[in-house]
Amino acid sequence: MLGRKVPAVTFRTRVRDEAVGGSNPFRWEDVSSDDYFAGKRVVLFSLPGAFTPTCSTFQLPDFEKLTADFRAEGVDEIYCISVNDAFVMNAWGKSQSLENVKLIPDGSGEFTRKMGMLVAKDNLGFGMRSWRYAAVVNNGVVEQWFEEEGYSDNCDSDPYGVSSPQNILETLKSQKLAA
Ligand code: BEZ
């Protein structure tokens, strides 16, 4: 993946807009890969599902807490992507009181498939989901790649370590020291 451009896709997001009126004032908003990635250095991390235990207890909250540390390493944004629709991703973000990490709904799995990271999770009744990985993406190009070991369909476990915020931060800091 190193040096490759992230896939150009359109994400179907739901945004709050008071002009919609009523008790649920949200509308669709299409956001492109370019909108998310052009002209920025970001950390993208991908996980098997919103609300799943490791993702909700460690991965997402830890990225959220460590945002300032990432900014100090020259990261402009932190994005969390999952093969879940915009309704689920928004509900997950609200339940996590997110202020820093931005959630990207890859409901159709198109981005994840084109990244080569789509796996079957039929053993859990999930269907097609993302293998866990993270990347530093600079102006849309993959600069650093952190993929959990054992990429496979219907994996018994979902390894979590290489793509943790702690590991990525440590890597960024050590690169700075070595430069
Ligand atoms: C998790 O804890 O993150 C997890 C649990 C079940 C399936 C996938 C992920």
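Quantities reported herein were computed from a predicted structural model and do not represent experimental measurements.

A.B. asks: Help me understand the environment of Val 136 in this model?
C.D. replies: Structurally, Val 136 is set in strand β8 (residues 133–138). Given a relative accessible area of 0%, Val 136 falls into the buried group. Linking Val 136 and Phe 146, residues ten residues apart in sequence, is a C-alpha distance of 8.6 Å. Once residues within four sequence positions are removed from consideration, Val 136 is found in contact with Arg 41, Val 42, Val 43, Val 141, Val 142, Glu 143, Gln 144, Phe 146 and Leu 172.

A.B. asks: Can you help me understand the pattern of salt bridges in this one?
C.D. replies: Side-chain pairs of opposite charge can arise where the charged atoms are in close proximity. Per the counting criterion, the structure on display carries ten salt bridges. In this structure, Arg 27 engages Asp 17 in a salt bridge whose closest nitrogen and oxygen atoms are separated by 2.8 Å. Pair noted here: Arg 27 is in strand β2 (residues 26–32) and Asp 17 is in the loop between β1 (10–16) and β2, with a separation of ten residues, a long-range link. By relative accessible area, which is 21% here, Asp 17 ends up partly exposed.

A.B. asks: Before we go on, may I ask you to explain the site of the ligand in this structure?
C.D. replies: Close to the ligand lie Pro 48, Thr 52, Pro 53, Thr 54, Cys 55, Leu 124, Phe 126, Arg 132 and Asp 158. Thr 52 places a side-chain nitrogen or oxygen 3.3 Å from an oxygen atom of the ligand. At a separation of 3.4 Å, an oxygen atom of the ligand approaches a polar backbone atom of Pro 53. Relative to its unbound accessible surface of 260 Å², the ligand loses 81% to contact with the protein. Counted by class, the shell around the ligand contains five nonpolar, two polar and two charged residues.

A.B. asks: Sorry if this is basic, but what is going on with the environment of Ser 32 here?
C.D. replies: Relative to the elements of secondary structure, Ser 32 occurs in strand β2. We classify Ser 32 as partly exposed; its relative accessible area is 23%. For Ser 32 and Ala 8, which are 24 residues apart along the polypeptide, the C-alpha to C-alpha distance reads 7.0 Å. Excluding residues that lie within four positions of it along the chain, Ser 32 makes contacts with Val 9, Thr 10 and Phe 11.

A.B. asks: Can you help me understand the sheet that holds strand β5 (residues 102–105) in this one?
C.D. replies: Pairing between sheet strands relies on hydrogen bonds along the backbone, with the strands arranged either parallel or antiparallel. Read across the open sheet, the five strands follow the order β5-β4-β3-β8-β9; overall the sheet is mixed. Of all the strands in the sheet, the pair left with one neighbour each is β5 and β9 (141–147). Averaged over all neighbouring strand pairs, the angle between strand axes comes to 25°, with direction disregarded. With six bridges connecting them, β8 and β9 associate as antiparallel partners. The partner of Ala 134 across the bridge, within β9, is Phe 146. The sheet strands contacting helix α6 (residues 165–178) are β3 (41–47), β8 and β9, and the helix crosses β9 at an angle near 125°.

The rules behind each value
Residues numbered from 1 in each chain as written. Predicted model: local features only at pLDDT ≥ 70, side-chain atom pairs only at ≥ 80, totals over all residues. Heavy atoms only, no water. Helix = DSSP H or I, 4+ residues; strand = E, 2+ residues; numbered from the N terminus. Buried < 20%, exposed > 50% of the residue type's maximum accessible area, 1.4 Å probe, protein only. Contact = heavy atoms within 4.5 Å. Salt bridge = Lys/Arg side-chain N within 4 Å of Asp/Glu carboxyl O. Near = heavy atom within 4 Å. Polar contact = N/O pair within 3.5 Å; in protein donor to acceptor, adjacent residues only side chain to side chain. Areas by Shrake-Rupley, 256 points an atom, 1.4 Å probe, with all protein chains shown as cover. Nonpolar A, V, L, I, M, F, W, Y, C, P; charged D, E, K, R; others polar. Pairing = 2+ DSSP bridges. Axes fitted to C-alpha atoms, helices over the stretch in contact; angles between N-to-C directions.

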